[in-house]
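Analysis of the macromolecular model
The lines below spell out each chain.
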Amino acid sequence: RVNIKRISTGVRSLDELLNGGVETSAVTEVAGEFGAGKTQFCHQLAVMVQLPEDKGGLSAKAIYIDTENTFRPERIAQIARARGLDPDQALKNIYYARAYSSDHQMILAEQARRIIKQDNVKLLVVDSIVAHFRAEFPGRENLAERQQKLNKHIADLLKIADAYDVAVVVTNQVMAQPDVFFGNPLKPAGGNVLAHGATYRIWLRKSKENIRIAKIFDSPYHPEREATFKITEEGLTD
Ligand code: GTP
Ligand code: MG
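For the structure given in this document, a descriptive report is provided here. (Residues numbered from 1 in each chain as written. Chains lettered and ligands numbered in written order. Predicted model: local features only at pLDDT ≥ 70, side-chain atom pairs only at ≥ 80, totals over all residues. Heavy atoms only, no water.)

**Overview of the pattern of salt bridges**
Inspection of every chain in the model, using the stated rule, returns 11 salt bridges. Notably, a salt bridge pairs Glu33 with Lys206, separated by 3.9 Å at the nearest N-O pair. In this pair, Glu33 is assigned in the loop between strand E3 (26-32) and helix H2 (38-48) and Lys206 in strand E8 (residues 200-206), connecting sequence segments 173 residues apart. The residue Glu74 makes a salt bridge to Arg72 at a minimum N-O spacing of 3.4 Å. Salt bridges here are not isolated pairs; linked through shared partners, they connect Arg205, Lys215 and Glu226. (Salt bridge = Lys/Arg side-chain N within 4 Å of Asp/Glu carboxyl O. Helix = DSSP H or I, 4+ residues; strand = E, 2+ residues; numbered from the N terminus.)

In structure tokens:
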């Protein structure tokens, strides 16, 4: 991993937490409860990647795989405007696909690879990576099959990140159990598959009103830092 670049989040505190931003050649998992800001984080990055390098971006495009139908073009336009980009152009620089099932999601990842080969894409978003898998393979009796499929999907994404020097960002909804999540044993609702699969994991949690707190988990055995940010009309801000 000699060629690593970073996409700024556009938020100073988050960038400091991430040593400059979200890395290419890596899979970054954004985990947190509903409303924590995972989808907003993805929207922001889909704009930030387009900025020139001196503004924190990579002058590149994004692919956005949306499994929950929560992608909002108007929100992209809003964030783009706040960053001095033409909203229409910013939207054109995002390849968007809605995934209708876990199988479809995996096919879209393969299609993403083909697009990445041909175009200047430096960000691949999968929001949410686990929703379809959880819905289609519910309960303990299906856990093994779910884990197996999810493992394959994450392995595919890791290969794409690695082969094409792309930043892959995936989201994972987890229940709000700060004492557990932000204390010791990490037990996301998706099992430990993502914990082992993703290169980095960022945990978001809600604070007062539009304030959110992010934490990065390299490993439960390493010191942990926190960053505070806001969700505003401009997107994510300090
Ligand atoms: P789930 O997908 O349900 O797990 O949640 P999430 O973590 O993806 O949350 P999301 O990113 O959707 O964050 C939702 C928060 O962002 C809400 O508290 C909204 O108030 C805020 N938000 C979303 N869109 C806008 C917007 O256009 N303007 C502003 N100011 N805030 C927004
Ligand atoms: Mg979401």
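**A word on the site of ligand 1**
Around ligand 1, 17 residues are found, and the nearest of them are Gly35, Lys38, Thr39, Gln40 and Gln173. Here Ala36 contributes a backbone N or O atom positioned 3.2 Å from an oxygen atom of ligand 1. A distance of 2.9 Å separates an oxygen atom of ligand 1 from a polar side-chain atom of Gln173. When the free accessible area of ligand 1 is taken as 660 Å², the share hidden by the protein chains comes to 70%. When residues of the shell around ligand 1 are traced back to their parent elements, those giving at least two are H2, helix H3 (73-82) and strand E10 (226-232). In terms of residues, the shell around ligand 1 owes the most to one element, H2, which gives three residues. Here the residues of the shell around ligand 1 are counted per class, giving three nonpolar, seven polar and seven charged. (Near = heavy atom within 4 Å. Polar contact = N/O pair within 3.5 Å; in protein donor to acceptor, adjacent residues only side chain to side chain. Areas by Shrake-Rupley, 256 points an atom, 1.4 Å probe, with all protein chains shown as cover. Nonpolar A, V, L, I, M, F, W, Y, C, P; charged D, E, K, R; others polar.)

**Here's the deal with unusual backbone geometry**
A cis geometry characterises the amide bond from Asp127 onward to Ser128, with omega recorded as -5 degrees. Its place among the elements puts Ser128 in the loop between strand E6 (121-127) and helix H6 (131-136). Positive phi values are uncommon outside glycine, yet Asn19 reaches one of about 55 degrees. Examined against the element boundaries, Asn19 turns out to sit in the loop between helix H1 (12-17) and strand E2 (22-23). Located in the positive-phi region is Ser25, a residue other than glycine, with phi close to 60 degrees. With respect to the helices and strands, the residue Ser25 is situated in the loop between E2 and E3.

**What to know about helix H7 (residues 143-164)**
Residues three or four positions apart in an α-helix share a direction because the helix packs 3.6 residues into each turn. With 22 residues, H7 extends 31 Å from end C-alpha to end C-alpha; this agrees with the ideal 32 Å at 1.5 Å per step. Looking only at H7, the buried set comprises Arg146, Leu150, His153, Ile154, Asp156, Leu157, Ile160 and Ala161. End-on view of H7: buried residues confined to an arc of 150 degrees, all on one side of the axis. In H7, the exposed positions that point more than 90 degrees away from the buried face belong to Ala144, Gln148, Lys159, Asp162 and Ala163. Following H7 by one or two positions, Asp165 has its phi on the positive side, about 55 degrees. (Expected span 1.5 Å × (residues − 1). Buried < 20%, exposed > 50% of the residue type's maximum accessible area, 1.4 Å probe, protein only. Arc of directions from axis to C-beta.)

**A look at the packing of H2 against H3**
In contact at an axis separation of 9 Å, H2 and H3 are set at 55 degrees when each is read in the N-to-C sense. By the angle between their directions, the pair H2 and H3 is classed as oblique. Where H2 crosses over H3, the two elements pack in a sense that is right-handed. Within the contact between the two elements, H2 uses Gln40, His43, Gln44, Ala46 and Val47 and H3 uses Arg75, Ile76, Ile79 and Ala80. By residue class, the composition of the contact of H2 with H3 is five nonpolar, three polar and one charged. (Axes fitted to C-alpha atoms, helices over the stretch in contact; angles between N-to-C directions. Parallel < 35°, antiparallel > 145°, perpendicular 65-115°, else oblique. Left-handed = near helix turned anticlockwise from the far one by under 90°. Contact = heavy atoms within 4.5 Å.)

**Things to note about the side chain of Ser8**
Along the chain, Ser8 falls in the loop between strand E1 (6-7) and H1. Of note is the side chain of Ser8, whose polar atom sits 2.9 Å from the backbone nitrogen of Gly10. At 2.6 Å, the side chain of Ser8 and the side chain of Asp15 are in polar contact. Not counting residues within four places of it along the chain, the set of residues in contact with Ser8 comprises Asp15, Gly20, Gly21, Leu45, Met48 and Gly56.

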